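Close look at the chain arrangement
Each chain is listed here by its residues.
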Amino acid sequence: MPHHESWRITVTPDAEAMSELAADAVLETIRGRPDAVITLPTGATPLHLFDILARRYADGDVDFSGVRFFSLDDYLGLTGDEPNSLTAWLRKAFLDRVNLAPENVHLAPAGAEDPVEAAAAYDRALSAYGGFDLAVVGIGGNGHVAFNEPDCAADSRTRVVDLTSETVAQASAYWNDTLPIPTRALTVGIANMLESKRIILLASGRAKAVALQRALEGPVGSEIPASFLRLAASRLEVLADADAASLLQKGIVS
Ligand code: PGA
């Protein structure tokens, strides 16, 4: 990597070890600031992380009662009550398993009557809290981060977006096929992530190897939205398992 880039990467043998490091970062953030503003991603990648956090909570190692949580994204037109929404998924996988206070949980308002205005209001609410203390995010096979798809801008904020056919295809693997797959979404923007005091990018599995290589070793630009996270410099930490990191140059791996 060019020497002026001061982000870090840790490559772990497997997804479990990657998730342990991510969980440590979440706990460290909350211990340092019990009312920290955090986000965690949806998808398959964070499932181990959620299990570890739920266990650490059950063991009394962490108290989420003061934590402010903002979700990253959801499919347009879906309220959190619909089974195929990312919000419903996030509730089941994580939110309902720890003691977050309901008033501290902010969910991407993709089901709002006026989603454009609701996105702007969500952005203002996040900014009013000072933005994220910790943003843990994943990477899509096409390099997207949350639903910031290729061609997005580095200064993008929370907004309504069109999904690429690649992302729609990826989503359909998780989707109940009796329902139409949404082609639009509401997502937190790249700028919201870059404003975070700490960003952790998770990548697990061989299906992410090409996207991760391009995000970290290619040019910073909208072709691979996750590459923009490098602009956060030392505030970015990449946690990748060996499969996801398998196409990176040796020199990058610490
Ligand atoms: P995944 O999704 O964790 O299910 O691979 C990541 C993403 O597309 O952002």
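This text follows the structure it describes.
Let me begin by describing the structure that accompanies this report.

Turning our eyes to something else, we now look at the overall build of the protein. Helices and strands together make up the secondary structure of the protein, namely 7 helices and 10 strands. By its C-alpha atoms, the protein is 50 × 45 × 35 Å across when sized along the principal axes. Partitioning the contacts of the protein with sequence separation of at least 6, the portion at a separation of at least 24 is 79%. Taken as two groups, the 21 positive and 34 negative side-chain charges of the protein have centres that lie 5 Å from each other.

Every buried residue of helix H5 (residues 165–172) is accounted for by Thr167, Val168 and Ala171. One face of H5 carries all of its buried residues, which in axial projection span an arc of 100°. Here the buried face of H5 lies against strand E4 (73–75).

Close to the ligand lie Gly43, Ala44, Thr45, Ile139, Gly140, His144, Gln170, Tyr174 and Lys208, which account for all nearby residues. Take Thr45: an N or O atom from its side chain is 2.5 Å from an oxygen atom of the ligand. Contact distances for the ligand include 2.7 Å between an oxygen atom and a side-chain N or O atom of His144. Coverage of the ligand by the protein amounts to 86% of the 280 Å² it exposes when considered alone. Its residues placed into classes, the shell around the ligand shows 3 nonpolar, 5 polar and 1 charged.

It is worth spelling out the pairing of strand E8 (residues 184–187) at this point. Across 3 bridges, E4 lies against E8 in antiparallel orientation. The residue bridging Asp74 from the neighbouring strand is Leu186, located in E8. Examined bridge by bridge, strand E7 (residues 159–162) and E8 share 4 bridges and lie antiparallel to one another. Within the sheet, the bridge partner assigned to Val160 lies in E8 and is Leu186.

Reading across the sheet, the 7 strands line up as E1-E10-E9-E6-E2-E3-E5 and stay open at both edges, with parallel pairing between neighbours. Of all strands in the sheet, those with a lone pairing partner are strand E1 (8–12) and strand E5 (105–106), marking the two edges. Both strand E6 (residues 134–138) and strand E9 (residues 199–203) contribute to a ladder of 4 bridges, which runs parallel. Note on E9: the bridge partner recorded for Ala135 is Ile199.

This brings us to the nonpolar core. Val137, Leu201, Leu212, Leu229, Leu236 and Val238 are the most contacted members of the largest nonpolar core, which has 36 residues in total. Of all the elements, helix H7 (residues 209–217) adds the most residues to this core, at 4 residues. Sequence-distant contacts of Leu212, defined by excluding residues within four places in its chain, comprise Ile139, Leu201, Ala203, Val238, Ala240, Ala244, Ala245 and Leu248. Formed by 29 residues, the second largest nonpolar core is a distinct cluster that contains Leu40, Phe50, Leu90 and Val136.

So, how was this worked out
- Residues numbered from 1 in each chain as written.
- Predicted model: local features only at pLDDT ≥ 70, side-chain atom pairs only at ≥ 80, totals over all residues.
- Heavy atoms only, no water.
- Helix = DSSP H or I, 4+ residues; strand = E, 2+ residues; numbered from the N terminus.
- Contact = heavy atoms within 4.5 Å.
- Lys, Arg positive; Asp, Glu negative; His and termini not counted.
- Charge placed at Lys NZ, Arg CZ, Asp CG, Glu CD.
- Buried < 20%, exposed > 50% of the residue type's maximum accessible area, 1.4 Å probe, protein only.
- Arc of directions from axis to C-beta.
- Near = heavy atom within 4 Å.
- Polar contact = N/O pair within 3.5 Å; in protein donor to acceptor, adjacent residues only side chain to side chain.
- Areas by Shrake-Rupley, 256 points an atom, 1.4 Å probe, with all protein chains shown as cover.
- Nonpolar A, V, L, I, M, F, W, Y, C, P; charged D, E, K, R; others polar.
- Pairing = 2+ DSSP bridges.
- Core = buried A, V, L, I, M, F, W, Y, C linked by side-chain atoms within 4.5 Å.

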